[in-house]
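What follows is the residue order along each chain.
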Amino acid sequence: MNLIEYPDRDMLAIDLANTLGDELTEALHHEDRATLVVPGGTTPGPIFDDLCAVDLAWDRVDVMLSDERWVPADHPRSNTKLVRDRLLKGPASAAQMVPLYQDADAPEAMVAALAPEIEAKLPISIALLGMGADMHTASLFPRGDNLRLALDPQAPVLVPMRAEGLPEQRITLSARVLRDAMKLHIVIMGDDKREAVERAHNLTPEEAPVRSVLDRAAIHWAP
Ligand SMILES: O=C(O)[C@H](O)[C@@H](O)[C@H](O)[C@H](O)COP(=O)(O)O
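Positions within a chain are numbered from 1, following the residues in the order the chain's sequence is written. Restriction of local features to residues with pLDDT of at least 70 applies here, the model being predicted, together with a cutoff of 80 or more for giving and counting side-chain atom pairs; totals for whole chains, interfaces and linings are based on all residues.

**Overview of the nonpolar core**
A set of buried Ala, Val, Leu, Ile, Met, Phe, Trp, Tyr and Cys residues, joined to one another through C-beta atoms within 7 Å, is what we call a nonpolar core. Exposed residues have 12 or fewer other C-beta atoms within 10 Å of their own C-beta, buried residues have 20 or more, and residues in between are partly exposed; the C-beta atoms are placed from the backbone. If you look at the biggest cluster of nonpolar residues, it comprises 66 residues, and the most contacted ones within it are I126, A127 and L178. The leading source of residues in this core is helix α1 (residues 9-30), at seven residues. Each residue is represented by a C-beta atom placed from its backbone, and any two residues with such atoms within 7 Å are regarded as in contact. Residues contacting I126, with those up to four places away along its chain left out, are L20, E23, L24, A27, A34, L36, A181, M182 and K183. Each helix corresponds to a stretch of at least 4 residues labelled H or I by DSSP, and each strand to a stretch of at least 2 residues labelled E; elements are numbered beginning at the N terminus.

**Here's the deal with the confidence of the model for the protein chain**
Every residue gets a pLDDT, meaning the predictor's confidence in that residue, from 0 to 100. Residues at a pLDDT of 70 or more form 100% of the protein chain, whose mean pLDDT is 97. Reported confidence for the predicted complex is 0.97 by ipTM and 0.98 by pTM.

**As for the pairing of strand β7 (residues 158-161)**
Burial along β7 is two-sided: L158 and P160 and V159 and M161, pointing in opposite directions, are all buried. The rule for pairing is simple: two strands pair if DSSP sees at least two bridges between them. Bridge analysis of β7 against strand β8 (residues 170-173) gives four bridges, and the strand direction is antiparallel. The residue of β8 that forms the bridge with P160 is I171.

**A few points about the UniProt feature "domain: Glucosamine/galactosamine-6-phosphate isomerase" (unreviewed entry) in the protein chain**
Here, UniProt's "domain: Glucosamine/galactosamine-6-phosphate isomerase" (unreviewed entry) annotation points to residues 7-221. Overall, residues 7-221 shows 33% helix and 18% strand. The separation of its end C-alpha atoms is 9 Å. UniProt positions are given in the numbering used here, feature names are shortened, and annotations may be inferred rather than shown by experiment.

**A closer look at unusual backbone geometry**
Here the amide bond leading from L122 into P123 is cis, since omega sits at 0°, within 30 degrees of zero. By secondary structure assignment, the location of P123 is in the loop between α4 (111-119) and β6 (126-129). Unlike most non-glycine residues, M135 shows phi in positive territory, near 70°. Since 22 C-beta atoms lie within 10 Å of it, M135 is described here as buried. Even without glycine at this site, A138 takes up a positive phi of about 45°. Relative to the helices and strands, A138 is located in the loop between β6 and α5 (147-151). Under the C-beta neighbour-count criterion, A138 is labelled buried, with 31 such atoms within 10 Å.

Printed below as a string of structure tokens:
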């Protein structure tokens, strides 16, 4: 396992933001535009705070979420809101956000409308993913109602997802889209997530969906 350990969460945020900035700069040497995928949830905020200040050609960067909770973009649980509030600031405000949400009761109604813009931005140049202690990544949840489809090598780019215990519906990039990223990083914090990622190695992607990207990813961990 390609595990990179940091002494604390601040160091992780600074170093990982610099790594992502360097990789974006490198990608922009070779391509007109680069696609950066980022997670939602509670972990990435401090990384975004550092990454948004990195000096690079943000006007040539497309930012996309790995997954979204199906709530309006001004809702406190919206990942879009998190990215707007913490990443698209300062120099990074020149980046273009690719939406994973549009007003509708359910994601099923919007998949067809959202997918073409996402397809146009693939493959992903750099993906940063989070992970839950239940070994989900993006919104690829163990026992998610559409997990089988989302793990399929022929899956559509976007898959709606529901799973027991989640307060809202989700929409997620499929595993094959995440796996095809040119660079792939997973960020985890705390002992429970480190144990979970180690456990995932011996499980199937159906049991531990993070397994579908694990062999391609650098895992960044702080206590
Ligand atoms: O919308 C989300 O929740 C995510 O994109 C999700 O995949 C997240 O990365 C993990 O659940 C970890 O979440 P935490 O960082 O909050 O632990």
